[in-house]
Amino acid sequence: MVEAIWLVPILPLAGFVVLGLLGQFLPMPRPLVALIGCGSVALAFVAAIVTAVGYSGPSASDQVYYTWTGLGSGGGINIGLWVDPLSLTMLLTVTGVSLLIHIYSIGYMADDEGFRRYFAYLNLFVFAMCLLAAADNYLLLLLGWANVGLASFLLIGFWFSRPRAVQAARLAIVVNVIGDAAIMLAIFLFIASFGSASYTDLFKVTTGNSGLAVAATLLLLIGAAAKSAQLPLYIWLPDAMEGPTPVSALMHAATMVTAGVYLMVRSAPLTALMTGPDAALIHNVIGWVGAATAIFAATIALVQRDIKRVLAYSTISQLGYMFLAVGVGANDAAIFHLVSHAFFKACLFLSAGIIIHALGDEQDMHKMGGLMRRMPLVATTFAIGTLALAAIPPFAGFFSKDAVLAGAYAGGYYALWIVGLIVAFLTALYMGRAFLLTFGGQPRSEAAAHPHSTGLSMAWTTAALALLSLGGGVIAFIFTDWFAGFGTVGEGIAFSFSISSIISLVVALAGLLVAYLLYGRGQTAVNVPRWLYNAAAQGWGLPTLYHEAIVVPLLALARAIVVFFEHGFLEEILHEVRTLFQQGGKLLSRGQSGALRNYALVVLLGVVVIVIYAISGGAK
Amino acid sequence: MIEAGALFLLGAVVVGSALGVVIVPNAVYSVLFLIVNLLGLAVCFLLLNAVFLAAAQVLIYAGAIIVLFLFSITLLSPGGEHISADPRRWQRNVGIVISVALGALLLFLIFGSITGLGTPLPNSGATSGTVEGFGRALFQQFLFPFEITSFVLLVALIGTVIYGSNTLEDIRRGRLPRGER
Amino acid sequence: MIGATEFYLTLSALLFAIGAAGMLLRRNPLVMFMSIELMLNGVNLAFLTFARLWDNPDGDIFTFLVLTVAAAEAVVGLAIIIAIFRPRQGVDVDEIDEMKG
């Protein structure tokens, strides 16, 4: 029953309203909060399944609920939800992974003051993400998009008494807004040219608007890059790790950051509007943005000490892979990688969360070690996630990453293919390093030697995600037709052992091998030139560049304005105004002499005036 | 001829006594001039055939109100001051100007725009002015204002009583009446 | 006996103006009050004149009402004046300026 789709965003919204608003006035015990928070998402997941089951046929179904005709002549804006394989995939992934993470959070946030607030914000996020994924026009998508950014801001800065968290939240929202603005411009372009921003209307026009399509796609790319942390707008994602770990898992690994990829895939029909050379340009731009980001982030991940930051940079890198896939036209591979990445990255983050929790909020890998014996369950889940991310069969990551690389190779984008292979090597390397530093060797601190035990809810949800990472690859084989609806150029994901898959497998194994050689026996440091290490650790100078080129001048400008305008100019004016009023008041108060006779004088003066008025004709 | 002269005399009395009220320094003399003024006005009323009102004027105004004034003056200070000794020169000068202007303007208004000037009054054959006519109007058309006015008098009465009320206690202790504390 | 309309009206205008002068120029509050009474009387005269001119009893009634209210007003006003000036030396309206500013 496709009509059930409206429940998917509405149920979490209801959860948010109840927890956020009602919860302010009525006392809510924690079990109730957990029930409402997780229950709303669980029901949304069920609704998504029901909708998916009821979906039949290759064409999409547009569920329109209300049309706003405020655009004057031309179309209106619908409030409607779009049912097609792409949106259904997103909805299922979002609600499914969300559900597991919500349950995990019950254990992770059990001691926190803001329990109710946390779940309220999470529900808000799920609502916005579902809205974004299922909207049937760009404006409604933007609504979800912006709210996802809001939820991100609220959750990154969840522990708002920490200055670093607040700064990170601010950075996130500022960068996100850049993307929002770009998307808005794209929408303006659409409405100005076609009078509508809905998918049905826009994707019907087939030719003749190449320039517009290019411009719009580039703007949408900017928006997607902001949300999905691609170069050069990646800078907010590593700092976003200041938020609680489940938040990092949900938003900054599995779902929110993938919104950019979704946007690109959804907008793929726009490429059909472009003429030949323009289309090739766009493909290359998208592909290279993805590839450059992937390799950039992978190198930085290699030198991080904080386990969450390794995973953050890894996410940026994998998102780059997805953009690469879109660039080469392998949209189905991109979405497939999105889904499998959601599974194993969430699994990795949740495992990391368990470790951090058990070690008393320790996140530095150099202070871990030797946890293999002490926390076998987590070691297993983390290992599964690592192998999936490194693309070793039979884990899901192998099939999805291979699909991306195969698409690049088949499409003739050999340069991108090579970059992709290099990144695969680096990925295996840094993940191997992370695993070995955390779990291998001997404990390097007191906390690592005696970890606390794990809550049940945290354990089994992580295990569930590990299983998904394990078996997720079968999705490709079961649902081939499903994925075919994503507008892929060329062949679909029908999996086959091509030369590309063999090479990528070899590369991945090589990466793991090198990792073992370097870190396998408990070493923590590697002999690389100091300057290289520092450069990578500083993000190849990009954060410093942003600071010097953007932040510093802006602050200087702000200070100059304060000095010049406020102190110099405005205060003068305000002072004068104040004096004016004061003197005026003093002047007027002299009329209040307190003497009776003066008052009488004034009254009679008035009488004289009236008489003159009467004489001179007055009101006839 | 004699009529004209008599009227002229009446007018002179009225205006002259009015001036006297305002000009003489001694407050008691002012009151006496006021009495003359009021009586002159009563004569005017009679000439205008308003018999009842003439009587009311003498009884109420020249009778009760003047008595009140005399009491107040003797209570406060019988002395007085003169216009020329006014320390607020500005007030004095402007005041004179305004009063003269007012008078001039009013006269201008009268002679400029009132129709029916030159009509001798009272009109012959007039229906108003008789006590009967007055009474009818008062208790028919103007019943409501009449009642309201009586209410006003009541309020004034009550106020004054409270104002001047003195319990035995207060008198024994030598306190001022309540209104004056 | 008879007199022309403008005679009475002139009288009333002069009374009014003289009363106004007295209000503005005298400092003794009682004399000021008396000037007010002068003004009221001038008005009464005007009312009556017009009543006769237009053969309308309304003017008579109004004069009567003015008379009555003037009486009540005189009572209350004098009480207040006495209350204010009794504790003081000398009667000068200019001295009571506590409402200054």
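Residues numbered from 1 in each chain as written. Chains lettered and ligands numbered in written order. Predicted model: local features only at pLDDT ≥ 70, side-chain atom pairs only at ≥ 80, totals over all residues. Heavy atoms only, no water.

Draft legend 1. How the structure looks around the overall build of chain C. Of regular secondary structure, chain C possesses three helices and one strand. Evaluated residue by residue, chain C yields a buried proportion of 66% over its 101 residues. The contacts in chain C between residues at least 6 apart in sequence include a share of 51% that link residues at least 24 apart. Summed over its atoms, the accessible surface of chain C is roughly 3,400 Å², and 69% of this surface lies on carbon and sulfur atoms. (Helix = DSSP H or I, 4+ residues; strand = E, 2+ residues; numbered from the N terminus. Buried < 20%, exposed > 50% of the residue type's maximum accessible area, 1.4 Å probe, protein only. Contact = heavy atoms within 4.5 Å. Areas by Shrake-Rupley, 256 points an atom, 1.4 Å probe, with all protein chains shown as cover.)

Draft legend 2. The arrangement of the confidence of the model for chain B in detail. In the predicted model, chain B carries a mean pLDDT of 81, and the fraction of residues at 70 or more is 77%. Here strand E1 (residues 120-121) of chain B stands out as the least confident element of chain B, with mean pLDDT 62; helix H2 (residues 27-47) of chain B is the most confident, with 92. (pLDDT = per-residue confidence, 0-100.)

Draft legend 3. Quick peek at the packing of helix H3 (residues 85-108) of chain A against helix H14 (residues 331-358) of chain A. Residues and elements named next belong to chain A. Between H3 and H14, the shortest axis-to-axis distance is 11 Å and the interhelical angle comes to 5 degrees. If you check the angle between H3 and H14, you find them roughly parallel. Of the residues in H14, those touching H3 at Leu-86, Thr-89, Met-90, Thr-93, Val-97, Ile-101, Tyr-104 and Tyr-108 are Ile-335, Leu-338, Val-339, Ala-342, Phe-343, Ala-346, Leu-350, Gly-353, Ile-354, Ile-356 and His-357. (Axes fitted to C-alpha atoms, helices over the stretch in contact; angles between N-to-C directions. Parallel < 35°, antiparallel > 145°, perpendicular 65-115°, else oblique.)

Draft legend 4. Spotlight on the layout of surface pockets. Residues and elements named next belong to chain A. Estimates place the volume of the largest pocket at around 1,000 Å³. Lining the largest pocket are 28 residues; nearest its centre among them are Leu-171, Ile-235, Asp-239, Pro-543 and Val-551. Listing elements by their share of the lining of the largest pocket, those giving two or more residues are helix H6 (163-194), helix H9 (236-239), helix H13 (307-327) and helix H25 (542-589). Per element, the largest residue contribution to the lining of the largest pocket is eight residues, and it comes from H6. Residue classes in the lining of the largest pocket are distributed as 17 nonpolar, six polar and five charged. (1 Å grid on protein atoms, 1.4 Å probe; cavity = no way out; pocket = protein on both sides within 12 Å on 5 of 7 lines; lining within 4 Å. Points joined across faces, edges and corners; volume = space filled by probe spheres on them. Nonpolar A, V, L, I, M, F, W, Y, C, P; charged D, E, K, R; others polar.)

Draft legend 5. Examining the confidence of the model for chain C more closely. Residue and element names in this part refer to chain C. Averaged over all residues, the pLDDT of chain C equals 85, while 91% of them reach at least 70. Confidence, expressed as mean pLDDT per element, reaches its minimum in chain C at strand E1 (residues 3-4) with 66 and its maximum at helix H2 (residues 29-53) with 91. Reported for the predicted complex are a pTM of 0.66 and an ipTM of 0.88.

Draft legend 6. Main features of the interface of chain C and chain A. At the junction of the two partners, chain C supplies 15 residues and chain A supplies ten residues. The junction of chain C with chain A conceals about 1,000 Å² of combined surface from both sides, 67% of it contributed by carbon and sulfur atoms. One can count two residue pairs in polar contact (both at pLDDT 80 or more) joining chain C with chain A. The element that contributes the greatest number of residues to the side of chain C that touches chain A is helix H1 (residues 5-25) of chain C, accounting for four residues. Of the residues belonging to the side of chain C that touches chain A, the class tally is nine nonpolar, one polar and five charged. (Buried area = accessible area lost by both parts, 1.4 Å probe. Polar contact = N/O pair within 3.5 Å; in protein donor to acceptor, adjacent residues only side chain to side chain.)

Draft legend 7. Looking closely at the interface of chain C and chain B. The interface is formed by 70 residues belonging to chain C together with 87 residues belonging to chain B. Between chain C and chain B, roughly 7,200 Å² of surface is buried when both sides are summed, and carbon and sulfur atoms account for 74% of that area. Connecting chain C to chain B are zero salt bridges. Linking chain C with chain B are six residue pairs in polar contact (both at pLDDT 80 or more). Counting only elements with at least two residues in the side of chain C that touches chain B, the list comes to E1, H1, H2 and helix H3 (58-85) of chain C. Per-element accounting of the side of chain C that touches chain B gives the leading share, 22 residues, to H3 of chain C. Of the residues contributing to the side of chain C that touches chain B, the split by class is 48 nonpolar, twelve polar and ten charged. (Salt bridge = Lys/Arg side-chain N within 4 Å of Asp/Glu carboxyl O.)

Draft legend 8. Broad picture of empty space enclosed by the protein. All names here are of chain A. Tallied over the entire structure, the rule returns two cavities of 30 Å³ or more. Size it by volume and the second largest cavity reaches roughly 30 Å³. In terms of lining, the second largest cavity is formed by Ala-391, Phe-398, Lys-401, Asp-402, Leu-405, Ser-504 and Leu-505. Put simply, the parts of the chain that give the lining of the second largest cavity at least two residues each are helix H17 (396-410) and helix H23 (499-519). Considering every element that reaches the lining of the second largest cavity, the biggest residue donor is H17, with four residues. Across the lining of the second largest cavity, the residue classes break down as four nonpolar, one polar and two charged.

Draft legend 9. Up close: the side chain of Asp-84 of chain A. Residues and elements named next belong to chain A. Looking at the secondary structure, you find Asp-84 in the loop between strand E2 (77-83) and H3. A relative accessible area of 9% means that Asp-84 is categorised as buried. Reaching out from Asp-84, the side chain makes a polar contact with the side chain of Trp-82 at a distance of 3.4 Å. Within the structure, the side chain of Asp-84 is placed 3.0 Å from the side chain of Arg-266, a separation counted as a polar contact.

Draft legend 10. Representation of the pattern of salt bridges in the model. All names here are of chain A. Counted according to the given criterion, the structure contains six salt bridges over all chains. As a salt-bridge pair, Asp-239 and Arg-309 come within 2.8 Å of each other at their nearest N and O atoms. Separated by 70 residues along the polypeptide, Asp-239 in helix H9 and Arg-309 in helix H13 bring together distant segments of the chain. Residue class for Arg-309 comes out buried when judged on its relative accessible area of 19%.

Draft legend 11. Looking closely at unusual backbone geometry. Residue and element names in this part refer to chain A. In this model, Leu-231 is joined to Pro-232 through a cis peptide bond whose omega is -10 degrees. Among the structural elements, Pro-232 can be located in the loop between helix H8 (210-227) and H9. Look at Ala-229: it is not a glycine, yet its phi comes out positive at around 55 degrees. Of note in the backbone geometry, Ala-391 takes a positive phi value of approximately 70 degrees without being a glycine. Topologically, Ala-391 is positioned in the loop between helix H16 (376-389) and H17. For Ala-391, a relative accessible area of 7% gives the class buried.

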